[in-house]
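The residues making up each chain are set out below.
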Amino acid sequence: APKHPINQTLDEMLAIFNRMGFAVAEGPEVEDDLHNFEALNFPPDHPARDMQDTFYTAVAPNVLLRSQTSNAQIRHMEKTKPPIQVISPGRVYRNEDVSRKKHVLFHQLEGLMVAEGITVGHLKGTLNAFIEQLFGLDDQGQPMKTRFRTSFFPFTEPSMEVDVLYRRTIKGQVLEDWLEIMGCGMVDPNVLSEVGIDPERYSGFAFGMGVERLAMLKYGIHNIRDFYTSDLRFLKAFHG
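So, here is what we can say about the structure in this document. (Residues numbered from 1 in each chain as written. Predicted model: local features only at pLDDT ≥ 70, side-chain atom pairs only at ≥ 80, totals over all residues. Heavy atoms only, no water.)

**A word on the nonpolar core**
Counting 31 residues, the largest nonpolar core has Phe-130, Met-182, Phe-207 and Met-209 as its most contacted members. Listing elements by their share of this core, those giving two or more residues are α1 (5-19), β5 (105-115), α4 (120-135), β7 (156-170), β8 (173-187), β9 (203-210) and α6 (211-219). Among the elements that line this core, the one with the most residues is α4, at 6 residues. Those residues in contact with Phe-130 that sit more than four places away from it in its chain are Met-13, Ile-16, Phe-17, Met-20, Met-182, Met-209 and Leu-214. (Core = buried A, V, L, I, M, F, W, Y, C linked by side-chain atoms within 4.5 Å. Buried < 20%, exposed > 50% of the residue type's maximum accessible area, 1.4 Å probe, protein only. Helix = DSSP H or I, 4+ residues; strand = E, 2+ residues; numbered from the N terminus. Contact = heavy atoms within 4.5 Å.)

Structure follows, in structure tokens:
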């Protein structure tokens, strides 16, 4: 049977990282505050903890629907000593207004590498290789252009966002835009200490990307809501 575009894109992403030697680490979708926020260096007053961003549950205080798959990485680091090389795919939940680009439920793939001597160079090399394999080469045999911009995330320092140069042809005109596709950075030493890994000895990088965003880019889908309407015309058009 034909696969849903999200599953198809996720399978391609997993296959690429698998070839690079990343294992899969799964984590629960219903999570506690420690693994979703605190261990990731989110202080108690961080705005992402506000009720409008996170779905809290009635199960118990501080039990929520995870807002990122990093919880799987924290759980993996608690049990495993470096070297660590894992990806964590799965569904995440954010209490956002549904729009053309945003949905309350979406799929994320996060990656983590921790070992001795890991640098920003390893991070950029890994992500550029991933982007080249996912999107292939252009007519001139060149990979998609990327740029790394300084950003801020609580669990990485330095933090960066990755943009790709997206070309599309509209009415015979080639238009180019930089599109942000993921966040990444070097794992903050506080996060390593929190899970009992010595930050003096080990360093690491982490990255996170939305599967829908990459599927939209790869297959020219313009509205994230199309993924969730179960509209057979959309699925047929996608496979056609």
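Structure shown, so let's carry the discussion forward.
**Points about the pairing of strand β6 (residues 146-153)**
The side chains of a regular strand alternate, first on one face of the sheet and then on the other. As paired elements, β6 and β7 share 7 bridges and run antiparallel to each other. Its bridge partner being in β7, Arg-149 is matched across the sheet by Glu-161. In this antiparallel pair of consecutive strands, β6 and β7, the connection spans 2 residues. (Pairing = 2+ DSSP bridges.)

**Re the pattern of salt bridges**
With the rule as written, the count across this model stands at 7 salt bridges. The salt bridge involving Lys-218 is made with Glu-12; its shortest N-O contact spans 3.4 Å. Of this pair, Lys-218 sits in helix α6 while Glu-12 sits in helix α1, placing them 206 residues apart in sequence. Given the relative accessible area of 26%, Lys-218 is considered partly exposed. Residue classification places Glu-12 among the partly exposed residues on the basis of a relative accessible area of 23%. The closest approach of N and O atoms between Arg-201 and Glu-116, which form a salt bridge, is 2.8 Å. With Arg-201 in the loop between α5 (189-194) and β9 and Glu-116 in the loop between β5 and α4, the pair connects residues that are 85 residues apart, well separated along the chain. The exposure class assigned to Arg-201 is partly exposed, which follows from its relative accessible area of 48%. (Salt bridge = Lys/Arg side-chain N within 4 Å of Asp/Glu carboxyl O.)

**With respect to the packing of aromatic side chains**
Using the criterion set out here, one finds 6 aromatic pairs in the structure. Relative to Phe-130, the ring of Phe-17 has its centre 4.6 Å away and its plane inclined at 15°; by these criteria the two rings are stacked. Highlighted residues: Phe-17 in helix α1 and Phe-130 in helix α4, separated in sequence by 113 residues. Grouping residues by exposure puts Phe-17 and Phe-130 together as buried. On the numbers, 6.3 Å between centres and 20° between planes, the contact of Phe-153 with Phe-155 is stacked. An aromatic cluster of at least three residues, connected via ring pairs, comprises Phe-17, Phe-22, Phe-130, Phe-205 and Phe-207. We note Lys-124 situated over the ring of Phe-148; from NZ or CZ to the ring centre the distance is 5.2 Å. (Phe/Tyr/Trp six-rings, centres within 6.5 Å; stacked < 30°, edge-to-face > 60°. Lys NZ or Arg CZ within 6 Å of the ring centre and 35° of its normal.)

**Section: the layout of surface pockets**
If a probe as big as a water molecule is rolled over the atoms, it shows which places are left empty. Taken as a whole, the second largest pocket encloses approximately 410 Å³ of empty space. Within the residue set of the lining of the second largest pocket, elements represented by two or more residues are β7 and α6. Ranked by the residues each element gives to the lining of the second largest pocket, the list is headed by β7, at 3 residues. (1 Å grid on protein atoms, 1.4 Å probe; cavity = no way out; pocket = protein on both sides within 12 Å on 5 of 7 lines; lining within 4 Å. Points joined across faces, edges and corners; volume = space filled by probe spheres on them.)

**A look at the environment of Ile-181**
Looking at the element boundaries, Ile-181 is found in strand β8. The exposure class of Ile-181 is buried, given its relative accessible area of 3%. Separated by 33 residues in the primary sequence, Ile-181 and Leu-214 have C-alpha atoms spaced 7.0 Å apart. For Ile-181, the residues in contact, after removing those within four places along its chain, are Ile-131, Val-162, Val-164, Met-209, Gly-210, Arg-213, Leu-214 and Leu-217.

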